[in-house]
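Okay, here's what each chain looks like letter by letter:
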Amino acid sequence: MPERLFVCTPSKLGAYTDCPRRYRYSYVDRPAPPKGPPWAHNSLGASVHTALRNWYALPADRRGSDALPTLLKGTWVREGYRDEEQERAVFRRALEWLESYVDTLDPDQDPLGVERVVAVKTAVLAFNGRADRIDSRPGPDGPQLVIVDYKTGRTGLDADDARGSQALALYAYAAERVFRQPCRRVELHHLPSGTVAAHDHTPESLARQLGRAEDTARDIIAAERAVTDGTDPDEAFPVSPGVRCGWCDYRRSCPAGADAPAKEPWAAVERALLPADPE
Ligand code: SF4
């Protein structure tokens, strides 16, 4: 019998790479252990992403920055903030980011896709993921596709982040096959600083990232099979403690996470209220 393909998204692969135990809590254990409270930074990221998606859904002649307050209000996710005062301050900051950002966009230019799902199968993976935006831009040999990912964290990003992002590379690999057009460029658009970190992949560098994703999938399949064959799940999916434990949804269920200092759900957005750090 042929092996079943490993169905995955970038976040599923990333969860295992970060910490096999977190992967197990998220995708294997049923019922899953209880998660901690919602994070304000996730609410902020979701609100900004949806507002931008809805901005592109407007007719081109209404795509101005004056549309943004209504759009952001309509998509605002309220969970995780310390209090209304903090939530209002973050709303104002997010609106400033969006206003500056859409000033850099051509309202007459429709992307090829906004929050577009792209999927591809390889010998090991059935990959699917939702790219924030896929642009079609003129290149020396005809149109070429660009993967755009919006970022709302405080810290700026550089070309190494764009180059090293497995998610962006997999989106590019999949988009190239879905649309049958070259897709080598990936960009991280950091809204707080208004900077763009970009990388131009080659077919070889995309193949390397795909190979790493397939290796991760094989490791996950092997760990799941080991559990089926009787290995202790704690051994098959070991903990990988580190600074990320403080931000882990399963910190309270995890023996390693119990030692990590707890973060308040609004800790990251508190930093968003400080001036953006380009470093
Ligand atoms: S608390 Fe840390 S070690 Fe435990 S699952 Fe989360 S990231 Fe992994």
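This is a predicted model, so every value here is computed, not measured. (Residues numbered from 1 in each chain as written. Predicted model: local features only at pLDDT ≥ 70, side-chain atom pairs only at ≥ 80, totals over all residues. Heavy atoms only, no water.)

1. Regarding the UniProt feature "domain: PD-(D/E)XK endonuclease-like" (unreviewed entry) in the chain
Move 1: UniProt records the feature "domain: PD-(D/E)XK endonuclease-like" (unreviewed entry) at residues 9-255, using the numbering of this structure.
Move 2: In residues 9-255, the share of helix is 46% and the share of strand is 19%. The end C-alpha atoms are 27 Å apart. (UniProt positions renumbered as here; feature names shortened; annotations may be inferred. Helix = DSSP H or I, 4+ residues; strand = E, 2+ residues; numbered from the N terminus.)

2. So, the pairing of strand β3 (residues 125-139)
Move 1: Pairing of strand β1 (residues 6-8) with β3, which is carried by three bridges, proceeds in the parallel orientation. Bridge pairing in β3 links C8 to F127.
Move 2: Here strand β2 (residues 113-121) pairs with β3 via eight bridges, running antiparallel. Considered in β3, the bridge of V117 is made with R130.
Move 3: Hairpin remark: β2 followed by β3, antiparallel, with three residues in the connecting loop.
Move 4: Here β3 folds back onto strand β4 (residues 142-151) in antiparallel fashion, the turn holding two residues. (Pairing = 2+ DSSP bridges.)

3. Let's talk about the packing of helix α1 (residues 10-18) against helix α2 (residues 20-28)
Move 1: Here α1 crosses α2 at 140°, and the two axes come no closer than 5 Å. With respect to α2, the element α1 is oriented oblique. On α2, the residues touching S11, K12, G14, A15, Y16 and D18 of α1 are P20, R22, Y23 and Y27. (Axes fitted to C-alpha atoms, helices over the stretch in contact; angles between N-to-C directions. Parallel < 35°, antiparallel > 145°, perpendicular 65-115°, else oblique. Contact = heavy atoms within 4.5 Å.)

4. Describing unusual backbone geometry
Move 1: Residue R30 is joined to P31 through a cis peptide bond whose omega torsion reads 0°.
Move 2: Along the polypeptide, P31 turns up in the loop between α2 and α3 (40-57).
Move 3: With phi around 45°, E115 is a residue other than glycine that occupies positive phi space.
Move 4: Here E115 is to be found in strand β2.

5. Quick word on the pattern of salt bridges
Move 1: Following the criterion strictly, the structure yields 22 salt bridges and no others.
Move 2: Across the salt bridge formed by D234 and R21, the nearest N and O atoms sit 3.7 Å from each other. Placement of D234 in helix α9 (residues 233-236) and of R21 in helix α2 is noted, with a sequence separation of 213 residues between them.
Move 3: Residue class for R21 comes out buried when judged on its relative accessible area of 5%.
Move 4: The salt bridge involving D110 is made with R63; its shortest N-O contact spans 2.7 Å. Of this pair, D110 sits in the loop between α5 (84-103) and β2 while R63 sits in the loop between α3 and α4 (68-75); the two residues are 47 residues apart in sequence, bridging distant segments of the chain.
Move 5: When salt bridges that share partners are traced, they join R133, D135, R137, R185, E187 and D200 into one network. (Salt bridge = Lys/Arg side-chain N within 4 Å of Asp/Glu carboxyl O. Buried < 20%, exposed > 50% of the residue type's maximum accessible area, 1.4 Å probe, protein only.)

6. Some thoughts on the packing of aromatic side chains
Move 1: Counting across every chain of the model gives 11 aromatic pairs.
Move 2: Geometrically, the ring pair formed by W39 and W247 is tilted, given 5.5 Å between the ring centres and 50° between the ring planes. In this pair, W39 is assigned in the loop between α2 and α3 and W247 in the loop between α9 and α10 (267-272), connecting sequence segments 208 residues apart.
Move 3: With a relative accessible area of 10%, W39 lands in the buried category.
Move 4: In this structure W247 comes out as partly exposed when scored by relative accessible area, which is 29%.
Move 5: Here K12 stacks its cationic end above the ring of F6, 4.8 Å away from the centre of that ring.
Move 6: The ring of Y173 is capped by R177, whose NZ or CZ atom sits 3.6 Å from the centre of that ring. (Phe/Tyr/Trp six-rings, centres within 6.5 Å; stacked < 30°, edge-to-face > 60°. Lys NZ or Arg CZ within 6 Å of the ring centre and 35° of its normal.)

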